[in-house]
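# Secondary and tertiary structure notes
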Amino acid sequence: MNEYVLPREVFALLEEALGERQKAETFARAIEAAVGAIEIRADESITARKEHLKIELKEELRNELVTRELFEQETTRIEQEFALTREMFEREILLTRELFDQRFNVIEERFKTVDERFKTVDERFNSLNFKLNIFIAIALLALTLANPTFVALIERLFKFLVP
């Protein structure tokens, strides 16, 4: 027995409309062939659409993967540049600190020599200051002793003390 795609009631209506069973079977087979062809085309269309969607999905995934790889590469490059910049900055700080220490040591040495010079100048100044004070004292004593008024005053004082 043959399998039919059309339901039995539809076949019965065809048989009644066409009047003969043979014509109804022929017509039913033609309809079944058309329906089969439509199903085959639908399956092919669905399969083609699935293949097309698979290709699109693969392309999207490939693009996303490429984008992700580019992003990761760019991120890695930026991180490397940041590390390099940071390392260079730290080196620059160290070099600056070393340069500062060197210059500070040079300046400190100069200040030591200047300080030593000031000490010698200060000792000379103190010596000259003492000598100047002695000279002023001698000069005042000489001027006082050479002053005729002072001499007269000393004479009166001696006459008063010694009768």
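For the structure itself, consult the block above.
Quick caveat: nothing in here was measured; it's all calculated off a predicted structure.

Quick look at the overall build of the chain now. The helix and strand tally for the chain stands at three helices and zero strands. Tracing the chain from N to C terminus, the helices and strands come up as α-α-α. Over its C-alpha trace the chain gives a radius of gyration of 63 Å, far above what one expects of a compact globule, namely 15 Å for 163 residues. Buried positions account for 4% of the 163 residues belonging to the chain. Put simply, the chain shows about 15,400 Å² of open surface, and 63% of that area lies on carbon and sulfur atoms. In the chain, which carries 24 positive and 32 negative side-chain charges, the distance between the mean positions of the two groups comes to 14 Å.

Residues Leu157, Phe158, Phe160, Leu161 and Val162 make up a contiguous nonpolar surface patch of roughly 600 Å² in combined accessible area. In this fold, Leu161 is placed in helix H3 (residues 148-161). Looking at Leu161, the relative accessible area reads 57%, which means it is exposed.

Counted under the stated rule, the structure contains twelve salt bridges. Lys112 is paired through a salt bridge with Glu109; the nearest N and O atoms lie 3.9 Å apart. Taken together, the positions of Lys112 and Glu109, both in helix H2 (residues 21-146) and three residues apart, correspond to about one turn of that helix. Judged by relative accessible area, which is 42%, Lys112 ranks as partly exposed.

Residue pairs three or four apart in sequence face the same way in an α-helix, which turns once every 3.6 residues. Across its 126 residues, H2 extends 177 Å between first and last C-alpha, which sits within 8% of the 188 Å expected from 1.5 Å per residue. Among all positions of H2, only Ala24, Glu25, Ala28 and Glu32 are buried. Residues of H2 that are buried sit in contact with helix H1 (8-18).

Another point: H3. Between its terminal C-alpha atoms H3 stretches 20 Å, which fits the 20 Å expected from 14 residues at 1.5 Å a residue. Counting buried residues along H3, only zero of its 14 residues qualify, which leaves the element largely exposed.

A separate point is the packing of aromatic side chains. One pass over the full model with this rule turns up one aromatic pair. Measuring from centroid to centroid gives 5.9 Å for Phe100 and Phe104, while their planes differ by 20°, and the two rings are stacked. You can see Phe100 and its partner Phe104 sitting in helix H2, four residues apart, about one turn around the helix. The class for Phe100 is exposed, based on a relative accessible area of 53%.

We now examine the nonpolar core. By size, the foremost hydrophobic cluster in this structure holds five residues: Leu6, Phe11, Leu14, Ala24 and Ala28. Where this core is concerned, the elements lending two or more residues are H1 and H2. The contacts of Ala24, once residues within four sequence positions are left out, are Phe11, Leu14, Glu15 and Leu18.

Two elements in contact, H1 and H2, have axes separated by 8 Å at closest approach and are oriented at 130°. When the axis of H1 is compared with that of H2, the two are oblique. Seen along the crossing, H1 lies across H2 with a hand that is right-handed. Facing H1, whose interface residues are Arg8, Phe11, Leu14, Glu15 and Leu18, H2 presents Arg21, Lys23, Ala24, Glu25, Phe27, Ala28 and Ile31. Here the residues of the contact of H1 with H2 sort into seven nonpolar, no polar and five charged.

Conventions used here
- Residues numbered from 1 in each chain as written.
- Predicted model: local features only at pLDDT ≥ 70, side-chain atom pairs only at ≥ 80, totals over all residues.
- Heavy atoms only, no water.
- Helix = DSSP H or I, 4+ residues; strand = E, 2+ residues; numbered from the N terminus.
- Rg over C-alpha atoms; globule rule 2.2 N^0.38 Å.
- Buried < 20%, exposed > 50% of the residue type's maximum accessible area, 1.4 Å probe, protein only.
- Areas by Shrake-Rupley, 256 points an atom, 1.4 Å probe, with all protein chains shown as cover.
- Lys, Arg positive; Asp, Glu negative; His and termini not counted.
- Charge placed at Lys NZ, Arg CZ, Asp CG, Glu CD.
- Patch = residues over 30% accessible without salt bridge, like charges linked within 9 Å, V, L, I, M, F, W, Y side chains within 5 Å.
- Salt bridge = Lys/Arg side-chain N within 4 Å of Asp/Glu carboxyl O.
- Expected span 1.5 Å × (residues − 1).
- Contact = heavy atoms within 4.5 Å.
- Phe/Tyr/Trp six-rings, centres within 6.5 Å; stacked < 30°, edge-to-face > 60°.
- Core = buried A, V, L, I, M, F, W, Y, C linked by side-chain atoms within 4.5 Å.
- Axes fitted to C-alpha atoms, helices over the stretch in contact; angles between N-to-C directions.
- Parallel < 35°, antiparallel > 145°, perpendicular 65-115°, else oblique.
- Left-handed = near helix turned anticlockwise from the far one by under 90°.
- Nonpolar A, V, L, I, M, F, W, Y, C, P; charged D, E, K, R; others polar.

Shape descriptors only; they carry no functional weight alone.
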